[in-house]
Amino acid sequence: AFDESTAALARKLGLRHVDSLVWEYEGMATGGASLHSKQAPVIRHSAPMHALGILRAQLLVALLARGHSVFVSDVDTVWLRDPTHFFGSHPSCVGVDAALGNDCISAEGDAKHQGWLNSQLNVGLILLRPTPLALELVARWQGQLERPGTAHVNDQDLMGRIIQMRHVKRAGPWSYVQQMPAKRGDDVNAFFVPPPGAPAAPPSLGSQHARTEDFKGVEGLTFGVLPVDTFMGGHTYFSQRLHERHGAAAPLVVHATFQFSHSHGKRQRFREDGLWLDDPDAYYNPTNGFLTFVPEVPNWKALEREVLDERRRAEAR
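How each quantity is defined
- Starting from 1, residues in each chain are numbered consecutively following that chain's sequence as written.
- For this predicted model, a pLDDT threshold of at least 70 governs which residues receive local features, and a threshold of 80 or more governs which side-chain atom pairs are given and counted, while totals over whole chains, interfaces and linings are taken from all residues.
- Only hydrogens and water are removed before side-chain values are computed, so all heavy atoms of the structure are retained for them.
- Think of it in three bands: residues with accessible area under 20% of the maximum for their type are buried, residues over 50% are exposed, and the middle band is partly exposed, with areas taken using a 1.4 Å probe on protein chains only.
- Strands here are runs of E lasting at least two residues and helices are runs of H or I lasting at least four, both read from the DSSP assignment and numbered beginning at the N terminus.
- Pairing between two strands is assigned when DSSP locates at least 2 bridges connecting them.
- Contacts are residue-level and defined by heavy atoms, with any inter-residue pair within 4.5 Å sufficient.
- Within 3.5 Å is the distance limit for a polar contact, defined as a pair of N or O atoms, with the added protein rule that one can donate a hydrogen and the other accept it, and that residues adjacent in sequence qualify only through two side-chain atoms.
- In this description, a nonpolar core means a group of buried Ala, Val, Leu, Ile, Met, Phe, Trp, Tyr and Cys residues linked to one another through side-chain atoms lying within 4.5 Å.
- One speaks of a salt bridge when a side-chain nitrogen belonging to Lys or Arg is within 4 Å of a carboxyl oxygen belonging to Asp or Glu.

Topic: the pairing of strand E5 (residues 98-102)
Step number 1: Counting buried positions along E5 gives five out of five residues, so the element sits mostly inside the fold.
Step number 2: As paired elements, E5 and strand E6 (residues 121-128) share five bridges and run antiparallel to each other. Looking at E6, one finds that alanine 99 is bridged to leucine 127.
Step number 3: The pairing of E5 with strand E9 (residues 222-225) spans three bridges and is classified as parallel. Bridge assignment links alanine 98 to a residue of E9, and that residue is phenylalanine 223.

Brief notes about helix H6 (residues 155-162)
An α-helical segment advances 3.6 residues per turn. Residues three or four places apart therefore align on the same side.
Step number 1: H6 sits mainly inside the fold: six of its eight residues count as buried.
Step number 2: Among the residues of H6, those classed as buried are Asp155, Gln156, Asp157, Leu158, Met159 and Ile162.
Step number 3: Structurally, H6 contributes buried residues whose contacts are with helix H2 (47-65), E5, E6, helix H5 (132-145) and strand E8 (175-178).
Step number 4: The backbone nitrogen of glutamine 156 has a side-chain oxygen 3.1 Å away, supplied by the residue at the start of H6, namely asparagine 154.

A short note on the side chain of serine 92
Step number 1: Tracing the backbone shows serine 92 in the loop between helix H3 (84-89) and E5.
Step number 2: Side-chain polar atoms of serine 92 contact the side chain of histidine 90, separated by 2.9 Å.
Step number 3: The contact partners of serine 92, leaving out residues within four places of it in the chain, are Phe86, Ala99, Pro173, Trp174, Gly224, Val225, Leu226 and Pro227.

Focus: the nonpolar core
Step number 1: If you look at the biggest cluster of nonpolar residues, it comprises 31 residues, and the most contacted ones within it are Leu100, Leu137, Trp141, Ile163 and Phe223.
Step number 2: Only H2, strand E3 (70-73), E5, E6, H5, H6 and E9 provide two or more residues apiece to this core.
Step number 3: Looking at this core element by element, the count peaks at seven residues for H5.
Step number 4: Those residues in contact with leucine 137, other than ones at most four positions away along the chain, are Ala98, Met159, Ile162, Ile163, Val218 and Leu221.
Step number 5: By size, the runner-up hydrophobic cluster in this structure holds 12 residues, among which are Val78, Ala107, Met232 and Val254.

A few points about the pattern of salt bridges
Step number 1: Applying the stated criterion to the full structure yields 11 salt bridges.
Step number 2: Residue lysine 266 pairs with aspartate 76 through a salt bridge whose shortest N-O separation is 2.8 Å. Taken together, the residues span a long stretch of sequence, with lysine 266 in helix H8 (residues 262-272) and aspartate 76 in the loop between E3 and strand E4 (77-79) at a distance of 190 residues. Here lysine 266 and aspartate 76 have matching classes, each one buried.

In structure tokens:
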């Protein structure tokens, strides 16, 4: 709970929560656009967004160090079913250190390759197991986020630099393993200096004086790729309507990626599909009513004939 109002709600509902992390901005942020302001600038990177990434990484380090399995879901999601059984049975989640969402928009390619790494992994959906390698991954992520000069790079890009696709090998269905080339010279792993009171990092992270400018993959990290037909993004759900095809899998979650207008556009996409239930009754009963119209569908064949006739007349001249 990054702010007092959220912490108060969690206490009221009797929900276990962490309230030691402090959010220093007046409004929350998504993709650089503040949720509390309709006039917020639409930018990709911002100090609030970067600070949010740091807080998330700090929380994950703390939870993993205490032996918890963790699943992280961005706020721009709607969950349709309980994922517990999936996490305990699907090969993308069993026997791995971490499992991440995928921005792949080809469900056919994803199913054929059983986790197709033809696009960026998405940190909006992450499953983490309490293993030394998962802790190492998140600790490095936190370290890169806390480096000076990284405010212009979003947390997803930084994660992609640590999980280096050119150094991964197939581990099994829906899973891969990081295999880094042999170290040369005095190259060392990236690391960060933990804040006072933070959990100790695993020994494999090496010296705290290591060169933090290096992006080194986590040797031996096994990670799963969550299938896009079950963990749907905005393109596969709203545009392709993949879930409506005959024989399609029932999605667990819809993640409003690939959308315009940031938070406002994401809400509208959910609203159009009946997945946004937070609107007051007045939203659907405005004082001045609604503007309605009957769309006119052109007679394309008639238009085509007209164009062809005009071309023939022009050629005859």
